Amino acid sequence: MVGIDYYCFPLSPFSYLAGLRLEEVAAKHGAAIAYKPVQLFRIFAETGTPQVKDRHVSRQKYRLADIARIARANGLPVNLQPRHWPTNPVPASAAIIAAQSAGGGDVGGLVHAFLRAVWAEDRDIAEDAVVRDTLVAFGFDPGLADKGMLSAVETLERNTDEALRRMVFGAPSYVVGDEIFWGQDRLPHLDAHLAAQG
């Protein structure tokens, strides 16, 4: 079975705008998805990408226009000035890691729900109640918000180290072997790549 390593970040607007299309592409090709939350701000720092607030105003303006356009095209609600962005991504990232390890629920739905909470629902994914509610909604034990937190944080750092070694520099990034597909607009290319793998 072909594997897709999905380096994700629960505050990324472009990850939100992908919706569940990654899961659809994977199902179409019988591919497995390994969800790998990363510390994107650390990746930015180590790969020379300025934080959004430090980018030139022209790039900041274009980013917001692009998010709005893509949201309209994909039929997704979006708040261009979310109340809780940025917030601490670690609780949601740790929950994703713990949920994937525990199994039994919908990890793809969980990841998208955290993103939707930020970009469409004005909910703070750093809050324990939000993390627990989201875990429950996708078939997971809310206690995962507490269990193995230290281990999950260690995995988050390992994921980030691994992403940097594999030349990942942004989110969402979908990696198959040595091939990196960066951005939700590269999902058709990922689809074609998986089709070519047979």
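Since the model is a prediction, treat every value here as computed from it, not as a measurement. (Residues numbered from 1 in each chain as written. Predicted model: local features only at pLDDT ≥ 70, side-chain atom pairs only at ≥ 80, totals over all residues. Heavy atoms only, no water.)

Undergrad: Help me understand the sheet that holds strand β1 (residues 3–8), please; the structure alone is not making it clear to me.
TA: Reading across from one edge, β2-β1-β3-β4 is the order of the four strands in this open sheet, with mixed pairing throughout. Taken across any chain shown, the strands that pair with only one partner, and hence form the sheet edges, are β2 (32–37) and β4 (179–182). For this sheet, the mean angle separating the axes of adjacent strands, direction not counted, is 20°. Relative to β4, strand β3 (residues 173–176) runs antiparallel, the two sharing four bridges. Across the sheet, residue valine 175 finds its bridge partner in β4, namely isoleucine 180. Across the sheet, helix α2 (residues 21–29) touches β1, β2 and β3, and the angle it forms with β2 is around 150°. Packing of helix α8 (residues 149–165) onto the sheet brings it into contact with β1 and β2, and relative to β2 it is tilted by some 105°. (Pairing = 2+ DSSP bridges. Helix = DSSP H or I, 4+ residues; strand = E, 2+ residues; numbered from the N terminus. Axes fitted to C-alpha atoms, helices over the stretch in contact; angles between N-to-C directions. Contact = heavy atoms within 4.5 Å.)

Undergrad: How do you make sense of helix α4 (residues 57–74) when you look at a structure like this?
TA: In an α-helix, one turn spans 3.6 residues; hence positions three or four apart end up facing the same way. When the terminal C-alpha atoms of α4 are compared, their 26 Å separation across 18 residues agrees well with the 26 Å that a helix rising 1.5 Å per residue should span. Looking only at α4, the buried set comprises Arg63, Asp66, Ile67, Ala68, Ile70 and Ala71. Residues of α4 that are buried sit in contact with α1 (13–17) and α6 (107–119). Taken from the residues just after α4, glycine 75 is the one with a positive phi, measuring 65°. (Expected span 1.5 Å × (residues − 1). Buried < 20%, exposed > 50% of the residue type's maximum accessible area, 1.4 Å probe, protein only.)

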